[in-house]
Amino acid sequence: MRFFACLLAFTLSFAALPLSAQEPARPKDPKEQAQPPQARPRASTLDELFERLGKAQTEREAEGISSLIERRFARSGSDTADLLLNRAAEAYGKKDFPLAIELIDRVLALQPNWAEAWYKRATVFYQLDDPVGAMADLHRAIKIEPRHFNAWTGLGHILMASDDKARALEAYRRVLTINPQMSDVKTIVNRLSPEVDGQDL
């Protein structure tokens, strides 16, 4: 998976999902209209996705579920906020970080309880060499959505960079309670635990 520099730089999931092209309307066959519509399978709730994530048996399975969760996180419920975040993504891709911050500030004015927007602003703050601002936004994201495993991972990496290994380990362990198959985080925890907790003789 990802270490913090890569996580904040590349796993922002800023890329907007492409809009589906609409097909032109066509007359319906009367026979088709007479048939009852097929019931669509019910979409899993976010709680159900997290339950599945916690029970995933392989990293590949977990990655598929976490991608579904991240797509849910990426929807604010406001078309305007989503559009602004897409524009922030474009600015971020062009390394225009001040513009990205300005746009996400507008998003947060509209949707202050959108955890993903706080997480993504933290990412931009980190690119601007502002770990304090990044950490504050990660804490806001986690307060809104305590299961935001990317925010917990980012927090762990910032704490590691500031040599606060005990709190970093705590953050990484929180990640694994949510997403136990994150192999890079498991590696960090395995290496860090003896140093922080003391090695058994």
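Above this text sits the structure in question.
Residues numbered from 1 in each chain as written. Predicted model: local features only at pLDDT ≥ 70, side-chain atom pairs only at ≥ 80, totals over all residues. Heavy atoms only, no water.

Caption draft 1: Examining the packing of helix α10 (residues 165-178) against helix α11 (residues 183-197) more closely. Their axes nearest at 10 Å, the elements α10 and α11 cross at an angle of 140°. Classified by the angle their axes make, α10 and α11 are oblique. Of the two possible hands of crossing, α10 and α11 adopt the one that is left-handed. Contacts from K165, A166, L169, Y172, R173, V175 and L176 of α10 reach α11 at V185, K186, I188, V189, L192, S193, E195, V196 and D197. Among the residues forming the contact of α10 with α11, the class breakdown is ten nonpolar, one polar and five charged. (Axes fitted to C-alpha atoms, helices over the stretch in contact; angles between N-to-C directions. Helix = DSSP H or I, 4+ residues; strand = E, 2+ residues; numbered from the N terminus. Parallel < 35°, antiparallel > 145°, perpendicular 65-115°, else oblique. Left-handed = near helix turned anticlockwise from the far one by under 90°. Contact = heavy atoms within 4.5 Å. Nonpolar A, V, L, I, M, F, W, Y, C, P; charged D, E, K, R; others polar.)

Caption draft 2: A look at the environment of A166. Looking at where A166 falls in the secondary structure, it is placed in helix α10. The class for A166 is partly exposed, based on a relative accessible area of 47%. When the C-alpha positions of A166 and E195 are compared, they lie 9.1 Å apart, and in sequence the two are 29 residues distant. (Buried < 20%, exposed > 50% of the residue type's maximum accessible area, 1.4 Å probe, protein only.)

Caption draft 3: Layout of the packing of aromatic side chains. If you walk through the whole model with that rule in mind, you get two aromatic pairs. Seen from their ring centres, F50 and F73 are 6.1 Å apart, and the 40° between their planes marks the pair as tilted. Placement of F50 in helix α3 (residues 46-55) and of F73 in helix α4 (residues 59-73) is noted, with a sequence separation of 23 residues between them. Here F50 matches F73 in class, with each residue buried. Against the face of W118 rests R140, its NZ or CZ located 4.1 Å from the ring centre. (Phe/Tyr/Trp six-rings, centres within 6.5 Å; stacked < 30°, edge-to-face > 60°. Lys NZ or Arg CZ within 6 Å of the ring centre and 35° of its normal.)

Caption draft 4: Focus on the side chain of D137. When you line up the elements, D137 lands in helix α8 (residues 131-144). Owing to a relative accessible area of 3%, D137 belongs among the buried residues under this scheme. What D137 contacts, discounting residues up to four positions off in sequence, is W118, R121, A122 and F125.

Caption draft 5: Representation of the pattern of salt bridges within the structure. Throughout the structure, instances matching the rule amount to ten salt bridges. R147 is paired through a salt bridge with D47; the nearest N and O atoms lie 2.7 Å apart. Taken as a pair, R147 in the loop between α8 and α9 (149-161) and D47 in helix α3 lie far apart in primary sequence, 100 residues in all. For D47, a relative accessible area of 51% puts it in the exposed group. (Salt bridge = Lys/Arg side-chain N within 4 Å of Asp/Glu carboxyl O.)

Caption draft 6: Fine view of the packing of α8 against α9. Contact pair α8 / α9: the axes reach a minimum separation of 9 Å and the direction vectors enclose 150°. Judged by the inter-axis angle, α8 sits roughly antiparallel to α9. In this structure, the crossing between α8 and α9 has a hand that is left-handed. Each of P131, A134, M135, L138, H139, A141 and I142 in α8 lies in contact with α9, whose residues at this interface are A151, W152, G154, L155, I158 and L159. The class makeup of the residues in the contact of α8 with α9 is eleven nonpolar, two polar and no charged.

Caption draft 7: Focus on helix α6 (residues 97-110). With 14 residues, α6 ought to run about 20 Å at 1.5 Å a step, and its terminal C-alpha atoms sit 20 Å apart, in line with that. Those residues of α6 not exposed but buried are F97, A100, I101, L103, I104, V107 and L108. As for α6, its buried residues are in contact with α5 (79-93) and α7 (115-127). (Expected span 1.5 Å × (residues − 1).)

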